[in-house]
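Chains, contacts and geometry: an overview
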Amino acid sequence: MIVDTHVHLDDPRYDEDLEEVLERSREAGVTRWIIPGADPDTLPRAVELAQRYADIFFAVGVHPYDARRYDRGVLERYIGHEKCVGVGECGLDYYRLPEGEEAIAEEKRIQKKVFVDQIDLAAKYDKPLIVHIREASRDSQELLERHASERGGVLHCYNADHQLLQLAERNFYYGIGGVLSFKNARKLVEVYPRIPRDRLLIETDAPYLTPHPYRGRRNEPAYCKLIAEKMAELSEISFEELTGVCRENTRRLFGI
């Protein structure tokens, strides 16, 4: 059994055919799903899906792009739900910063403040973090080392930054997705063998980051199988062993 540890099933792009998407996922051996919190507006939809389907779980969180819309009270409204398994995706994303030094400094200040508050929220409720990092490795690592609890979390869509491997010692896992199959994923392919096997998780980030050979199409959780096959190849172990390892890692981190 494979768990897609990061899939946006609450995205409107699944509204018309969610049942078919889930059925294709099951046929591929992907039978549990975690919906991360990213957009505050879609959180109620994630909760609704978790309540409707026994094998769908969710996390509460606000993506750094939505940091200005952050409301801790909204997250606390749902964090005690029996199907809530984490906090995030939260983190830092410096890929699209405004122009001007003052505007950049203010954007980074807001993102850091919201990130730290979600780290503290996870610690308060003993939940693992789902962390989004893009072009902000140093600041993210510093905040996690300073504020994160022993519960740890997962670095979603791990970007192959060597320095972030140090967080494995702080009980952080590494979410591996379709990027691993990209022809230009040389850096991730090189770093992947250095990730401890007991820190590997499988994710799609669907509907985004569709793996080869389906790039350009909407991503689906069924494609976890393609990701797992590539991971097994690079790990030089069987598909069954790789998925078994990741299944145990998921259970240990998220409790499902």
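Residues numbered from 1 in each chain as written. Predicted model: local features only at pLDDT ≥ 70, side-chain atom pairs only at ≥ 80, totals over all residues. Heavy atoms only, no water.

**A word on the sheet that holds strand S2 (residues 30-35)**
The line we're drawing: Pairing between two strands requires that DSSP report at least two bridges joining them. We count a stretch as a helix when DSSP gives it H or I for four or more residues in a row; a strand needs E for two or more, and each element gets its number in order from the N terminus. Only C-alpha atoms enter the line fits that serve as axes; for helices the fit covers just the stretch in contact. Angles between N-to-C directions range over 0 to 180 degrees. The contact rule is simple, with two residues in contact once any of their heavy atoms fall within 4.5 Å.
Strand order in this open sheet of eight strands is S1-S2-S3-S4-S5-S6-S7-S8, and the pairing throughout is parallel. In the strand order of this sheet, the two ends are held by strand S1 (2-4) and strand S8 (200-202), each with one partner. Neighbour to neighbour, the strand axes of the sheet diverge by 30° on average, direction disregarded. In this sheet, strand S7 (residues 172-176) lies alongside strand S6 (residues 153-156) in parallel orientation, the contact comprising three bridges. Its bridge partner lying in S7, Leu155 is registered against Tyr174. Running over the sheet, helix H2 (residues 43-52) touches S2 and strand S3 (56-60) and is turned about 150° from S3. On top of the sheet, helix H5 (residues 137-147) reaches strand S4 (84-93), strand S5 (129-134), S6 and S7; it is set at about 155° to S5, its chief contact.

**Points about the pattern of salt bridges**
Stated formally: One speaks of a salt bridge when a side-chain nitrogen belonging to Lys or Arg is within 4 Å of a carboxyl oxygen belonging to Asp or Glu. Each residue gets one of three labels from its accessible area relative to the maximum for its type: buried under 20%, exposed over 50%, partly exposed in between, using a 1.4 Å probe on protein chains only.
One pass over the full model with this rule turns up 24 salt bridges. Among the salt bridges present, the one from Arg13 reaches Asp11, with a minimum N-O distance of 3.0 Å. Accessibility expressed as a relative area gives 43% for Arg13, which makes it partly exposed. Across the pair Glu220 and Arg24 runs a salt bridge whose closest N-O atoms are separated by 2.8 Å. With Glu220 in the loop between S8 and helix H7 (224-235) and Arg24 in helix H1 (residues 18-27), the pair connects residues that are 196 residues apart, well separated along the chain.

**Brief notes about the side chain of Glu203**
The criterion, for reference: When charges are counted, neither His nor the chain ends are considered; positive counts come from Lys and Arg and negative counts from Asp and Glu. Within 3.5 Å is the distance limit for a polar contact, defined as a pair of N or O atoms, with the added protein rule that one can donate a hydrogen and the other accept it, and that residues adjacent in sequence qualify only through two side-chain atoms.
Among the secondary structure elements, Glu203 is positioned in the loop between S8 and H7. Although buried, Glu203 forms no salt bridge, and the nearest oppositely charged side chain, Arg134, lies 13 Å from it. Only 2.9 Å separates the side chain of Glu203 from the backbone nitrogen of Cys157, close enough to count as a polar contact. Here Glu203 is in contact with Asp4, Thr5, His6, His156, Cys157, Gly175, Ile176, Gly177, Gly178 and Ile227, once residues within four sequence places are set aside.

**Overview of the packing of aromatic side chains**
Aromatic rings in a pair are described by how distant their centres are and how their planes are angled relative to each other. The cut-off we apply is this: Aromatic rings from Phe, Tyr and Trp, with only the six-membered ring used for Trp, were paired whenever their centres fell within 6.5 Å, and each pair was classed as stacked if the ring planes differed by under 30 degrees, edge-to-face if by over 60, and tilted otherwise. Over a ring means this: the NZ of a Lys or the CZ of an Arg is within 6 Å of the ring centre and within 35 degrees of the ring normal.
Evaluation of the coordinates by the stated rule reveals two aromatic pairs. Measuring from ring centre to ring centre gives 4.9 Å for Tyr158 and Tyr174, while their planes differ by 75°; the resulting arrangement is edge-to-face. With Tyr158 in the loop between S6 and S7 and Tyr174 in strand S7, the pair connects residues that are 16 residues apart, well separated along the chain. Side by side, Tyr158 and Tyr174 carry an identical accessibility label, which is buried. We note Lys83 situated over the ring of Phe57; from NZ or CZ to the ring centre the distance is 4.8 Å. The ring of Phe182 has Arg215 sitting right over it, with the charged end atom 3.6 Å from the ring centre.

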